[in-house]
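# Analysis of the macromolecular model
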Amino acid sequence: MLRLSFRLFGLLTLLLLFVLYYVYHQFAPPYTVYDTLTQSELRESLALVEDRTPQKYVFFKQLQGAGFNNQVQEILLYHHLALLTSRVYVYQPLIWQPRRASLPLSAFLPGVTTGSISAAIFDRVCPPSEVKHVSINGENDGLWKHAKDVLEGPERCITVDDWILRWSFLSSSAMHPIWPSFRHYLSSHFKWSAYISDMTVRARPTAIEPYMALHLRRGDFEDHCRGLASTQTGFTTWATLPELGGAVFPPSLDPTNSTSVIEHCYPTLQRILDAVDSQARANPHISSLHVLHDGAWDHPTVYLQCYKLEAAVKSPERILRAGWVGPMKVVTHSGTLPVRRGESDWAVAVDVELAVKAQVFIGNGYSSLSSQIVALRLAKEGARTKDITLV
Ligand SMILES: *[C@@H]1O[C@H](CO)[C@@H](O)[C@H](O)[C@H]1NC(C)=O
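Residues numbered from 1 in each chain as written. Predicted model: local features only at pLDDT ≥ 70, side-chain atom pairs only at ≥ 80, totals over all residues. Heavy atoms only, no water.

Labelled according to an unreviewed UniProt entry, the protein chain appears under the name O-fucosyltransferase family protein, originating from Mycena maculata.

Now the structure itself:
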């Protein structure tokens, strides 16, 4: 009896090890890909520096370990600022919070790393004694112009010691004058890596049919929204663009009214469904929906809400009452992306790209992810603001 249970124990342990090994391999990051990319980043940076033409460089103080999209957002703005002022952007790795790892930026944003140099060789190009440290601060209005003036200076190597792109700046109307040039920057320089593009092709809800994308921002947002209501804060970054005024799902946002802030920042499922219904009536040919959400083990109720949304857009009776043809035939979401072995780090970018490619996008104006999606959509040829709804 005792011997049998020992044998059983041994078998179970073996089985558990197999399962763990399988799970690890399924979700393990692509270390060899990252190593290769880090090497080629170094090679390309050195080649760029050895090219005889004299260059000027800028190294910015950047976010360390904020969310993926917050880092992407500021990396794009800094790269844009460097190009505007004819400086080579010194790029830093992406900080991957879940594993506290530094990932090569070219695995995500090759449009930024091309023609830029890696921070790993910055000291070699710009020895500390030759670097001018500058601080750029002041009121939100005029900050960008001030930064441009400083970076247009004659110094070969500049390190900006202030964190220029602070939250209050990003949510202010001081961003609006940047939009025309940033839009141009996005359409000429923005590119996801081939890993992300390939996954996106595979992940499209249906291969050819137009689809709708919906960003369900939940997770930790409820507390965040209460804070924003008490500080009377409006939408963030590009969601504040005047040209998007018509995209805001009524009633319009009044930041001084805390009920209104919560209504837009943490909308009820009913309100979200109303927005979906409205776009579905306007676009009767759409029959699939992709939901971007932040459901995770620490936010399990998000899955329930996603499930309720799916049931609602697939219910023929409800849709008849809501006045559209439908129902949605295919509903996919962040949890159903076809992520293959070693691809999980790219899933969040695939979600963004799916929302950029969607015929219609319904997002949250308080979310930086939604606003980034909106910017990428508007930078595309033939973009229409009526295909965007901010709940
Ligand atoms: C505040 O916003 C809510 C939700 O939009 C609205 O019902 C209410 O009338 C607003 N209150 C005031 C004083 O405008």
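On we go from here.
### Quick word on the overall build of the protein chain
Note the cut-off: Runs of E in the DSSP output that reach at least two residues are strands. Runs of H or I that reach at least four are helices, and both are numbered from the N terminus. For a compact globule the rule gives 2.2 Å times the number of residues to the power 0.38, and the radius of gyration it is set against comes from C-alpha atoms. Relative accessibility decides the category of a residue: with a 1.4 Å probe and only protein chains considered, values under 20% of the type maximum give buried, values over 50% give exposed, and everything between is partly exposed. By definition in these notes, contact holds between two residues if any of their heavy atoms fall within 4.5 Å. Only the protein chains shown count as covering a residue, and every accessible area follows the Shrake-Rupley method with a 1.4 Å probe.
Scanning the protein chain from terminus to terminus reveals 16 helices and 12 strands. Over its C-alpha atoms the protein chain spans a radius of gyration of 23 Å, differing by no more than 12% from the 21 Å that the globule rule assigns to 391 residues. Here the protein chain holds 391 residues, and 50% of them are scored as buried. Across the protein chain, contacts joining residues at least 24 apart in sequence account for 79% of those joining residues at least 6 apart. Counting only carbon and sulfur atoms, one obtains 59% of the accessible surface of the protein chain, whose full area is about 19100 Å².

### With respect to empty space enclosed by the protein
Filter applied, for reference: Only protein atoms enter the 1 Å grid used here. Points where a 1.4 Å probe fits but cannot escape make up a cavity, open sets with protein on both sides within 12 Å along at least five of seven lines make up a pocket, and a residue lines them when an atom lies within 4 Å of a point. Grid points are joined across faces, edges and corners, and a volume is the space filled by probe spheres set on the points. We call Asp, Glu, Lys and Arg charged. Ala, Val, Leu, Ile, Met, Phe, Trp, Tyr, Cys and Pro are nonpolar, and the rest, Gly among them, are polar.
The full count for this structure, using the stated rule, is two cavities of 30 Å³ or more. Within this model, the largest cavity holds a volume of roughly 50 Å³. In this structure, the largest cavity is lined by Gln62, Leu63, Gln64, Gln71, Glu74, Ile75, Gln92, Pro93 and Ile95. In terms of residue class, the lining of the largest cavity is built from four nonpolar, four polar and one charged. By volume, the second largest cavity amounts to about 30 Å³.

### Description of the site of the ligand
The condition is simple: For this description, a residue counts as near a given molecule or strand if any of its non-hydrogen atoms is within 4 Å of it. What qualifies as a polar contact is a pair of N or O atoms within 3.5 Å, subject to a donor-acceptor requirement within protein and to the restriction that residues adjacent in sequence count only when both atoms come from side chains.
If you check the shell around the ligand, you find Pro251, Asn257, Thr259, Ser260 and Glu263 and nothing else. Taking Glu263, its side chain carries an N or O atom lying 2.8 Å from an oxygen atom of the ligand. For the ligand, whose accessible area on its own is 360 Å², the fraction buried by protein is 37%. Its residues placed into classes, the shell around the ligand shows one nonpolar, three polar and one charged.

### Concerning the pairing of strand 11 (residues 360-363)
Inclusion rule: Two strands qualify as a pair provided that DSSP identifies no fewer than 2 bridges between them.
What you see with strand 11 is no split at all: Val360 and Ile362 on one side and Phe361 and Gly363 on the other are buried throughout. Looking at chain direction, strand 8 (residues 212-216) and strand 11 are connected through three bridges and run parallel. Looking at strand 11, one finds that Met212 is bridged to Val360. Across three bridges, strand 11 lies against strand 12 (residues 388-390) in parallel orientation.

### Considerations on the nonpolar core
Worth spelling out the cut-off: To define a nonpolar core, start from buried Ala, Val, Leu, Ile, Met, Phe, Trp, Tyr and Cys residues and group those joined through side-chain atoms within 4.5 Å. Those domain boundaries reflect an automatic or database domain assignment.
Counting residues in each nonpolar core, the largest one holds 85 residues, and the members touching the most others are Phe60, Phe108, Leu109, Ile164 and Leu186. Among the elements that line this core, the one with the most residues is helix 3 (residues 68-84), at eight residues. Counting contributing residues, this core receives three or more from each of domain 1 (31-189) and domain 2 (194-390). Once you skip the residues sitting within four places of it in the chain, Ile164 turns out to touch Phe60, Tyr78, Leu81, Ile136, Leu143, Ala147 and Phe169. Counting residues in hydrophobic clusters, the runner-up holds 26 residues, among them Leu269, Ala275, Cys306 and Val313.

### Looking at unusual backbone geometry
Following Pro250, the chain continues to Pro251 via a peptide bond in cis, the omega torsion being 0 degrees. Within the secondary structure layout, Pro251 lies in the loop between helix 10 (221-230) and helix 11 (258-265). That bond from Gly326 to Pro327 is cis: its omega, -10 degrees, falls within 30 degrees of zero. Structurally, Pro327 is set in the loop between helix 14 (316-322) and strand 10 (330-333). Positive phi outside glycine occurs at Ser86, with the angle close to 55 degrees. Residue position: Ser86 is located in the loop between helix 3 and strand 2 (88-91). The exposed category is assigned to Ser86, whose relative accessible area is 55%.

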